[in-house]
Amino acid sequence: MIPGRSLTMATVEMTFTPLPAHVRTARLVATAVARRSGVAEALLDEVRLAVGEACSRAVEVHQEHCPAEPVRVALTGADRRFEVVVTNTAASDDSMEMPTIPGPAAPRSAGPGPTTPRSAGPDPATPRSAGPDPATPPNGGPLGLPADLGLAVIAGLADDVQVSRTGHGLSIRMSWPSEGTAR
Amino acid sequence: MDLKLEHHTTDSIEVVDVEGEIDVYTAPRLRELLIDLVNNGHYQLVVNMEKVEFLDSTGLGVLVGGLKRVRAHDGSLDLVCTQERILKIFRITGLTKVFGIHDSVDEAIAARKSEK
């Protein structure tokens, strides 16, 4: 067994060059696998958006720190859950702290609240607050943006979100209920 | 689907019609258009999102950036959106309190003119 690998084999694994154009492909694949894994149609939009946010975030980090390294996405349908893990390999610097998962500004529409251990501290590798617009305040501001808008969106969409340090970077793990177990 | 952008002037308000997906790949085009409009003196903007199929936080950032730019000139940026899946991301991020969100372009223009 490869250290750090889950015992459960992912239904689909993919890697892609950290380019914005490929994020859409990742979204489409994730949505297709989620549907095949039995995720309810009403939740597919949430899967699509959350995976897109996680991949966009990883692409930005990779472009800044390691543009030659691919972004990794694992999609697993098992035990009545559909789980997505997006892993970047850029934040290997020991001085980097894990990003805070902001709370959503509004209650979730379905499912239980996040069970995520909400870690403290900013992520210096990802100063992304609301895309690359220079007019956007980096840490919130008069317009009321959360410090990390992408993570705020993910936290508001996924049932369960966990950000953890992997051997070479950070991974965002998120999951939704499913009825099937596509393999 | 790619992003399609058009704009026209109605009652002295610039209406931007957006169609397709606004994400990390396409959002820079919308940002450039909004910057161009502001640089050309258009400070009253309505962004019609009725044909937007996907919007992520990068797109939200572009809209917030546009709002900041027009506000610097005492202008406004209102949105037209009735799609629940798009509205949801505004609610999650609390941006429903930041933008004026309307059901139609006519309603957005009327609301803006009534505030003048």
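None of these values were measured; they are calculated from a predicted model.

The rules behind these values
Residues numbered from 1 in each chain as written. Chains lettered and ligands numbered in written order. Predicted model: local features only at pLDDT ≥ 70, side-chain atom pairs only at ≥ 80, totals over all residues. Helix = DSSP H or I, 4+ residues; strand = E, 2+ residues; numbered from the N terminus. Buried ≥ 20, exposed ≤ 12 C-beta atoms within 10 Å, placed from the backbone. Contact = placed C-beta atoms within 7 Å. pLDDT = per-residue confidence, 0-100. Axes fitted to C-alpha atoms, helices over the stretch in contact; angles between N-to-C directions. Parallel < 35°, antiparallel > 145°, perpendicular 65-115°, else oblique. Left-handed = near helix turned anticlockwise from the far one by under 90°. Nonpolar A, V, L, I, M, F, W, Y, C, P; charged D, E, K, R; others polar. Core = buried A, V, L, I, M, F, W, Y, C linked by C-beta atoms within 7 Å. Pairing = 2+ DSSP bridges.

What follows concerns the overall build of chain A. Per the secondary structure count, chain A includes three helices and five strands. N-terminal to C-terminal, the α/β element order of chain A is β-α-α-β-β-α-β-β. A total of 183 residues make up chain A; the buried ones form 46% of that total. The contacts of chain A with a sequence gap of at least 6 include a subset with a gap of at least 24, amounting to 67%.

Another point: the confidence of the model for chain B. When pLDDT is averaged along chain B, the result is 95; 98% of the residues meet or exceed 70. No element of chain B has a lower mean pLDDT than helix α4 (residues 105-114) of chain B, which averages 93, and none a higher one than strand β2 (residues 13-22) of chain B, which averages 98.

The next point concerns the environment of Met-14 of chain A. Residues and elements named next belong to chain A. Position of Met-14 among the secondary structure elements: in strand β1 (residues 12-16). The sequence separation of Met-14 and Gln-63 amounts to 49 residues, and the corresponding C-alpha distance is 18 Å. Sequence-distant contacts of Met-14, that is, excluding residues within four places in its chain, are made with Ala-26, Val-29 and Val-73.

The subject of this paragraph is the packing of helix α3 (residues 149-157) of chain A against helix α2 (residues 57-71) of chain B. Where α3 of chain A meets α2 of chain B, the axes come as close as 9 Å, and the angle between the chain directions of the two elements is 130°. By the angle class used here, α3 of chain A and α2 of chain B are oblique. The two elements α3 of chain A and α2 of chain B meet at a crossing, and its hand is right-handed. On α2 of chain B, the residues that touch Leu-149, Gly-150 and Val-153 of chain A of α3 of chain A are Ser-57, Leu-60 and Gly-61 of chain B. A class-by-class count of the residues in the contact of α3 of chain A with α2 of chain B yields three nonpolar, three polar and no charged.

A few words on α3 of chain A. Turn by turn, an α-helix covers 3.6 residues, leaving residues three or four places apart pointing in a common direction. Among the nine residues in α3 of chain A, nine count as buried, and that is most of the element. Listing the buried residues of α3 of chain A in full gives Leu-149, Gly-150, Leu-151, Ala-152, Val-153, Ile-154, Ala-155, Gly-156 and Leu-157 of chain A. Contact partners of the buried residues in α3 of chain A: α2 (41-65), β4 (160-165) and β5 (170-177) of chain A together with α2 and α3 (84-92) of chain B.

Below, the discussion takes up unusual backbone geometry. Here the phi dihedral of Asp-79 of chain A falls at roughly 55°; this positive angle occurs in a residue that is not glycine. Phi angles above zero are rare outside glycine, and Ser-12 of chain B is one such case at about 70°. Looking at where Ser-12 of chain B falls in the secondary structure, it is placed in the loop between β1 (4-10) and β2. Its 11 C-beta neighbours within 10 Å are what place Ser-12 of chain B among the exposed residues.

Bringing the nonpolar core into the picture now. Counting residues in each nonpolar core, the largest one holds 74 residues, and the members touching the most others are Ala-50, Cys-55, Val-86 and Ile-154 of chain A together with Val-47 of chain B. When residues in this core are grouped by element, the largest group, ten residues, is from α2 of chain A.

Residues and elements named next belong to chain B. Here we have five strands laid out as an open sheet, ordered β1-β2-β3-β4-β5, and mixed in their pairing. Each of the sheet's edge strands pairs with one partner strand only, and the pair in question is β1 and β5 (100-102). Across the sheet, the mean angle from the axis of one strand to that of its neighbour is 25°, orientation sign disregarded. α2 rests against β2, β3 (44-55) and β4 (76-80) of the sheet, and its axis sits at about 180° to β3.

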